[in-house]
Structure formats: structure tokens, C-alpha cells
Amino acid sequence: YGSKDPWTPAARVEKLGDLDTVEKVIRLEGVGHCPHDEAPELVNPLLMEFMQRVRPSGEASSIPNGKEENPIADFFSSIFG
């Protein structure tokens, strides 16, 4: 969440960390209400790391040129460049 979010109080977001289903809450300094729009350079690596961890093992496969296919990275690259 963004530390400069004018609509969602930080205490409310931090409280989400108490839920069993929430792995961690990440505060992004200097970012507002829409971190994914305002700071994709901070958000996208976090999303990529998470998706790599939760991807079923063996989902990535090799292609003839020796490069590993990564549909998650390809998806985000196609959207965010």
C-alpha cells in the first residue's frame, strides 16, 4: 500500500497483516492510493516474486532455443512493457 494514500488509513491496511490468509503487508514509501499505477517499478517485481513462488512446480518449460518459458513474466511484460 502507498504511504501517502489519502483514502485508506495505514492502520487499517496494517491490520490486514493479522489475518491468517495475508502473508505480509508491504508499505511503499511516497506512493499514493494506486501503487500499481503510480510506481509499477516497485509493484511489478513484488507481483513477479509472488507469482513465481505460487506457480505450480513444472509449469515453466524449456523451448528449443534454451530459454525457459515464463508465461507470468510474458503476461506482465505484454501489459507493462
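Residues numbered from 1 in each chain as written. Predicted model: local features only at pLDDT ≥ 70, side-chain atom pairs only at ≥ 80, totals over all residues. Heavy atoms only, no water.

Our next topic: the overall build of the chain. Helices and strands together make up the secondary structure of the chain, namely four helices and zero strands. When the helices and strands of the chain are placed in sequence order, the string is α-α-α-α. Counting only carbon and sulfur atoms, one obtains 57% of the accessible surface of the chain, whose full area is about 6000 Å². (Helix = DSSP H or I, 4+ residues; strand = E, 2+ residues; numbered from the N terminus. Areas by Shrake-Rupley, 256 points an atom, 1.4 Å probe, with all protein chains shown as cover.)

Taking 1.5 Å of rise per residue, the 15 residues of helix α3 (residues 40-54) would be expected to cover 21 Å, and the 21 Å separating its terminal C-alpha atoms lies within 8% of that figure. Taken as a whole, α3 has its buried residues at V43, N44 and M48. The buried residues of α3 occupy an angular sector of 135° when projected down its axis, which confines them to one face. Those residues of α3 hidden inside the fold are in contact with α2 (35-38) and α4 (71-80). (Expected span 1.5 Å × (residues − 1). Buried < 20%, exposed > 50% of the residue type's maximum accessible area, 1.4 Å probe, protein only. Arc of directions from axis to C-beta. Contact = heavy atoms within 4.5 Å.)

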